[in-house]
Amino acid sequence: GVFVVVTNCTDQQRYTDMARIFKGLCQAGLWGCFDEFNRIELPVLSVVAQQILAITNSKRSNAKSFTFPGDVQEIILNKSVGYFITMNPGYQGRQELPENLKVLFRGVAMMVPDREIIIKVKLCSVGYVNYNDLARKFNSLYNLCEQQLSKQKHYDFGLRNILSILRSLGQIKRDRINDVEDGLLMITL
């Protein structure tokens, strides 16, 4: 397999930071995933677009090495390098990508995951026998809370929170293997 280096992007990111990451990825032939890429400030994104274009053009021309615009250091190019971005458009503090950067990536639409299926699979995998009914109840409770509780920062009904609860449910099941499963779910929730 290929190692994937995940970088959590911030508005503090500088183009020199990105250049160092790209240089490492190119020389090692690794893949880089830049999470929340559109948090990077617009002036930095413009320079990053030129860096990505330099790598892309070098890969297309089968070059063995290349340099970034305005940089004298020659970078050895391992052609298995790859770079991917994730974005959450529409969030506060997120930038719209410049056109010259948009054309360098292929968009992929994502859909909201079916939480009930995820809950079923996780419950089944940790030994719950009645996982269908428990998953339906768990999901119903979360949907109701999400719809009816006021919007507060401290309310978290996302997938990370659900997975955290499912880990707790697994531990409780291992500790109290003979207890009624509905009761274990209610205690944990």
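As the structure is a computational prediction, the values presented were derived from the model and not from experiment.

Chemist: What exactly am I supposed to notice about the sheet that holds strand S1 (residues 4-8) here?
Modeler: Strands belonging to one sheet form pairs held by backbone hydrogen bonds; the direction of such a pair is parallel or antiparallel. Taken together, the 3 strands give an open sheet; going across it, the order is S1-S2-S5, and neighbouring strands pair in parallel fashion. Only two strands of the sheet have a single neighbouring strand rather than two, namely S1 and strand S5 (82-85). Neighbour-to-neighbour, the strand axes of this sheet turn through a mean angle of 20°, independent of strand direction. Lying on the sheet, helix H1 (residues 15-28) is in contact with S1, strand S2 (31-35) and S5; it crosses S2 at an angle near 150°.

Chemist: Help me understand the pattern of salt bridges, please; the structure alone is not making it clear to me.
Modeler: Where charged atoms from two side chains of opposite charge approach closely, those side chains can pair. In the structure shown here, the tally under the stated rule is 10 salt bridges. Note that lysine 23 is salt-bridged to aspartate 71, the shortest N-O span being 2.8 Å. Here the residue lysine 23 occupies a position in helix H1, and aspartate 71 occupies one in the loop between strand S3 (65-66) and strand S4 (75-76), the gap between them amounting to 48 residues. A salt bridge links lysine 102 to glutamate 99; the nearest nitrogen and oxygen atoms lie 3.4 Å apart. Of this pair, lysine 102 and glutamate 99 both sit in helix H3 (residues 99-102), 3 residues apart, which is roughly one turn of the helix. Given a relative accessible area of 33%, lysine 102 falls into the partly exposed group. Here the salt bridges share partners, and the residues they tie into one network are Arg14, Asp17 and Arg20.

Chemist: Which parts of the structure should I look at to understand a nonpolar patch on the surface?
Modeler: Residues Val2, Val4, Val6, Trp31 and Phe84 make up a contiguous nonpolar surface patch of roughly 430 Å² in combined accessible area. By the secondary structure assignment, valine 4 is in strand S1.

Chemist: Sorry, what's going on with helix H6 (residues 159-175) here?
Modeler: One turn of the α-helix equals 3.6 residues, which is why residues spaced by three or four share an orientation. Across its 17 residues, H6 extends 24 Å between first and last C-alpha, which sits within 8% of the 24 Å expected from 1.5 Å per residue. Ile162, Ile165, Leu166, Leu169, Gly170, Ile172 and Lys173 are the residues of H6 that are buried. Along the axis of H6, the buried residues cluster in a sector spanning 165°; they form a single face. Structural note: H6 exposes Arg160, Arg167 and Asp175 on the side pointing more than 90 degrees away from its buried face. If you follow the buried residues of H6, they end up packed against helix H4 (115-125), helix H5 (131-148) and helix H7 (181-188).

Chemist: Just checking my understanding: could you explain the nonpolar core for this structure?
Modeler: It is characteristic of soluble globular proteins that their nonpolar side chains tend to be buried jointly. If you look at the biggest cluster of nonpolar residues, it comprises 26 residues, and the most contacted ones within it are Phe22, Phe37, Ile52, Ile55 and Leu101. Mapped onto this core, the elements with two or more residues apiece are H1 and helix H2 (42-60). Per-element accounting of this core gives the leading share, 7 residues, to H2. For isoleucine 55, the contacting residues outside a window of four places in its chain are Phe22, Cys26, Phe66, Phe68, Leu77, Val81 and Tyr83. Among the nonpolar cores identified, the runner-up in size contains 15 residues, and Leu134, Ile162, Leu169 and Ile172 belong to it.

What counts and what doesn't
- Residues numbered from 1 in each chain as written.
- Predicted model: local features only at pLDDT ≥ 70, side-chain atom pairs only at ≥ 80, totals over all residues.
- Heavy atoms only, no water.
- Pairing = 2+ DSSP bridges.
- Helix = DSSP H or I, 4+ residues; strand = E, 2+ residues; numbered from the N terminus.
- Axes fitted to C-alpha atoms, helices over the stretch in contact; angles between N-to-C directions.
- Contact = heavy atoms within 4.5 Å.
- Salt bridge = Lys/Arg side-chain N within 4 Å of Asp/Glu carboxyl O.
- Buried < 20%, exposed > 50% of the residue type's maximum accessible area, 1.4 Å probe, protein only.
- Patch = residues over 30% accessible without salt bridge, like charges linked within 9 Å, V, L, I, M, F, W, Y side chains within 5 Å.
- Areas by Shrake-Rupley, 256 points an atom, 1.4 Å probe, with all protein chains shown as cover.
- Expected span 1.5 Å × (residues − 1).
- Arc of directions from axis to C-beta.
- Core = buried A, V, L, I, M, F, W, Y, C linked by side-chain atoms within 4.5 Å.

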